[in-house]
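# Reading the structure
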Amino acid sequence: MLTPDEDIHWMQLALEQAGKGVGSTSPNPPVGAVIVKGGKLIGKGWHQKAGSPHAEREAIADALEQHSSEALNGATIYVTLEPCSSHGRTAPCTDGIIAAGITRLVYGSQDPNPKHVGVAKTIMHSAGLKVHSGVCRAACDKLIRPFTKVQQKGLPWVTLKSAISLDGKTTRPPAEGQWLSSPESREYVQKMRYQSDAIITGGNTVRVDNPSLTIRSTNIPNKQQPWRMVITRGKKEALPQDYQLFSDEHANRTLIQEHGDILSALKTLANKGCNSVLVEAGGTLMAAFLQQELADELVIFYAPLLTGGADAGFGELTPEVVLEEQQFTRIGSDIMLRATIKKPTPPQPVYPEGKQK
């Protein structure tokens, strides 16, 4: 019998496998799996993209490439997410695990879909497998937060990204050059784009900067370009149609949301299979996301510059924005702050004395 510490060790390896799929699996979540027998790793795998084999079946296939089918008999499989139990574009992973002869299942996160949660455990118990859940659950849950939000709220995970000078400016005067952040920070943003299913910007940013919002780094694997969503307070006809977003080779991946309707823009992206979106925009649109409580995460690159300029930070913010899980990282000459945004606690209902809900 494997010890709790051993379970944690192997689940951490499964998490490493799952991390390879961040940015490429939507509308599915990133998932990793490893198979262990006799204290030795005999197979590993990760879900690479929607429609391809899930992590469990990748790990089983990997084990069969290196060993005979008998090697799986009595093995333990570690999966970062409760295995799927229903037919979709692929067959249920519960069936594959049982058919392989694996006798113990360990998983981290429960399926966030209320219709599926706990079903795998019931199926496995009925088939005689031992099941242990919740190992490294916090890390596993964090990995699939975008997927979970779509499943439970119908909206993607929203990350706001900005570069800011020491005097609180998000743009530089024309004579000073285009960039606030360092080359290393800009490369990090390319990774953020890769890990996102869509990039949102504002109509004014399009008119002023003519951005492409594409993945251009040669250090990042190829993938389909993320959707590009322009939120404008006016009509789409007012946007310059000869600009890059509307005329480049990815023009069919550009969407426009009129009347500044952020919520409708997010619902549209969720319906297109987006779990995670990145907002690269000016202070006015950034502030609107925060005021409407539609942002989940904040990434700010603080540049060691005193630049002047007109565009200041996040505009006027009425509510206090409380940041959690704060991480400060040196990237090139910049300091990056990455944090989640605390959601306000809903007020508790007040009932007349002597009455309860």
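Preceding this section is the structure that the text describes.
Quick summary incoming for the structure in this document. The structure presented is a predicted model; accordingly, all values stated were derived computationally and were not measured.

## A word on the overall build of the protein chain
In terms of regular secondary structure, the protein chain is built from 11 helices and 13 strands. C-alpha extents for the protein chain along the principal axes are approximately 70 × 65 × 40 Å. A total of 357 residues make up the protein chain; the buried ones form 49% of that total. In the protein chain, the proportion of contacts linking residues at least 24 apart, taken out of those at least 6 apart, comes to 75%. Roughly 18,000 Å² of accessible area belongs to the protein chain as shown, and the carbon and sulfur atoms make up 51% of that amount.

## Details of the nonpolar core
Counting 29 residues, the largest nonpolar core has Leu-160, Ile-200, Leu-266, Leu-269 and Phe-289 as the members making the most contacts within it. Sorting the residues of this core by element identifies β6 (157-165), β7 (198-202), β8 (227-231), α10 (262-271), β10 (276-280), α11 (283-291) and β11 (297-303) as the ones contributing at least two each. In terms of residue count, α11 provides more of this core than any other element does, 5 residues in total. Look past the residues within four positions of Leu-266 in its chain and what remains in contact with it is Leu-155, Pro-156, Val-158, Ile-200, Val-277, Phe-289 and Leu-294. Judged by nonpolar contacts, the second largest core, of 23 residues, contains Ile-35, Ala-63, Leu-72 and Ala-75.

## Details of the environment of Lys-236
With respect to the helices and strands, Lys-236 occurs in the loop between β8 and α9 (244-247). On the accessibility criterion, Lys-236 (42% relative accessible area) is partly exposed. Taking the C-alpha atoms as reference, Lys-236 lies 41 Å from Cys-84; in sequence the two are 152 residues apart. Those residues within four positions of Lys-236 in sequence are excluded, and the remaining contacts are Gln-241, Ile-256 and Glu-258.

## Concerning the sheet that holds β10
The sheet built from 8 strands is open, its strands ordered β9-β8-β7-β10-β6-β11-β13-β12 with mixed pairing. Either end of the sheet is taken by a strand with one partner, and the two such strands are β9 (254-257) and β12 (323-331). Geometrically, the sheet is characterised by an average inter-axis angle of 20 degrees between neighbouring strands, direction not taken into account. Of the pairings in the sheet, the one linking β7 to β10 comprises 3 bridges and is parallel in character.

## Quick look at the side chain of Thr-80
Residue placement: Thr-80 occurs in strand β3 (residues 76-81). Judged by relative accessible area, which is 2%, Thr-80 ranks as buried. Ignoring sequence-local partners within four residues, the contact set of Thr-80 consists of Met-11, Ala-14, Leu-15, Ala-18, Pro-30, Val-31, Gly-32, Gly-108, Ser-109 and Cys-140.

Calculation notes
Residues numbered from 1 in each chain as written. Predicted model: local features only at pLDDT ≥ 70, side-chain atom pairs only at ≥ 80, totals over all residues. Heavy atoms only, no water. Helix = DSSP H or I, 4+ residues; strand = E, 2+ residues; numbered from the N terminus. Buried < 20%, exposed > 50% of the residue type's maximum accessible area, 1.4 Å probe, protein only. Contact = heavy atoms within 4.5 Å. Areas by Shrake-Rupley, 256 points an atom, 1.4 Å probe, with all protein chains shown as cover. Core = buried A, V, L, I, M, F, W, Y, C linked by side-chain atoms within 4.5 Å. Pairing = 2+ DSSP bridges. Axes fitted to C-alpha atoms, helices over the stretch in contact; angles between N-to-C directions.

By themselves, these observations are geometric and do not establish any function.
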